[in-house]
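# An overview of the molecular structure
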Amino acid sequence: MLHVGLTGAVASGKSAVAAKLAALGAVVIDADKLARQVVEPGTPGLGAIKDTFGEDVLLPDGSLNRPALAATVFSDEAQRAKLNAIVHPLVRAQAQKLRDAAPKQALVVEDIPLLVESGQAEKFDAVVVVQAPLEERMRRMVYDRGWTEADAKARIAAQATDEQRAAVADYLLDNSGSLAELEAQVESLYQQLAPTQE
């Protein structure tokens with residue numbers, strides 16, 4: 001098994017890379033998806049968030065009010081640290097279960113937005129970083145996703161810089177062009193990383 005970490009700034013194209021790797025045969029573990037699962041109603045994760053941040057971060061049906069929680073944590077580093085201390089260990093435990101279930105010869109790719117911020121680079125055999133120009137990422141967040149410019153800037157400010165991500169990268173993918181160009185880079189990467197089937 002080759003254990004690879006995949007990361008990139010918000011709106012860098014990381015999800016497109018993960019999807020292509022999965023289509024090529026990699027086992028992709030999506031940390032964002034796991035982060036949603038570990039805070040579903042009835043989970044210890046959601047209980048801990050309610051205890052830490054109060055009833056205001058819950059919707060009337062008892063589920064997590066993500067916009068309310070985001071408004072609290074993305075502008076306050078101490079609050080974000082509290083949230084991460086709840087969610088990150090739960091996500092890592094779930095990811096470990098999925099890794100353990102993967103075939104022995106698999107290329108296992110963990111898609112982790114905050115890989116650099118959470119200091120996890122060392123635990124991987126290789127780290128892949130997706131990069132895109134800041135202006136293009138802003139455009140995607142504001143025009144494609146409908147975020148406000150202030151929300152987009154706050155999200156960027158809460159993440160590692162391009163230079164910090166590049167410093168831990170074994171492979172850098174440049175997503176300043178078309179999707180086809182990005183996917184061609186991913187295919188080449190997969191050929192380099194995929195364990196030989198013996």
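Up top is the structure.
Reference entry: report on the structure contained in this document.

Conventions we followed
Residues numbered from 1 in each chain as written. Predicted model: local features only at pLDDT ≥ 70, side-chain atom pairs only at ≥ 80, totals over all residues. Heavy atoms only, no water. Helix = DSSP H or I, 4+ residues; strand = E, 2+ residues; numbered from the N terminus. Rg over C-alpha atoms; globule rule 2.2 N^0.38 Å. Buried < 20%, exposed > 50% of the residue type's maximum accessible area, 1.4 Å probe, protein only. Contact = heavy atoms within 4.5 Å. Axes fitted to C-alpha atoms, helices over the stretch in contact; angles between N-to-C directions. Parallel < 35°, antiparallel > 145°, perpendicular 65-115°, else oblique. Core = buried A, V, L, I, M, F, W, Y, C linked by side-chain atoms within 4.5 Å. Phe/Tyr/Trp six-rings, centres within 6.5 Å; stacked < 30°, edge-to-face > 60°. Lys NZ or Arg CZ within 6 Å of the ring centre and 35° of its normal.

### Quick look at the overall build of the chain
For the chain, the count of helices and strands is nine helices and five strands. Tracing the chain from N to C terminus, the helices and strands come up as β-α-β-α-α-α-α-β-β-α-α-α-β-α. Over its C-alpha trace the chain gives a radius of gyration of 17 Å, about what one expects of a compact globule, namely 16 Å for 198 residues. Over its C-alpha atoms, taken along the principal directions, the chain stretches across nearly 50 × 40 × 30 Å. Going through the 198 residues of the chain one by one, you find that 40% of them count as buried. Intrachain contacts of the chain at a sequence separation of at least 6 include 71% that bridge at least 24 residues.

### Examining the packing of helix H4 (residues 66-73) against helix H5 (residues 77-101)
Where H4 meets H5, the axes come as close as 7 Å, and the angle between the chain directions of the two elements is 125°. Comparing their axes, H5 and H4 come out oblique. Note on element contacts: H5 touches H4 through Gln-79, Arg-80 and Leu-83, opposite Leu-69, Thr-72 and Val-73.

### Quick look at the nonpolar core
Residues Ile-49, Phe-53, Leu-64, Leu-69, Leu-83, Val-87 and Leu-115 are the most contacted members of the largest nonpolar core, which totals 29 residues. Elements with a minimum of two residues in this core: helix H2 (31-37), helix H3 (44-53), H4, H5 and strand E4 (126-131). Excluding its chain neighbours within four sequence positions, the residues that come into contact with Leu-115 are Gly-5, Leu-6, Thr-7, Gln-120, Ala-121, Phe-124 and Val-127. By size, the runner-up hydrophobic cluster in this structure holds 17 residues, among which are Leu-6, Val-17, Val-128 and Leu-189.

### As for the packing of aromatic side chains
Following the criterion strictly, the structure yields zero aromatic pairs and no others. Looking at Arg-145, its charged tip hangs above the ring of Trp-147, at a distance of 5.5 Å from the centre.

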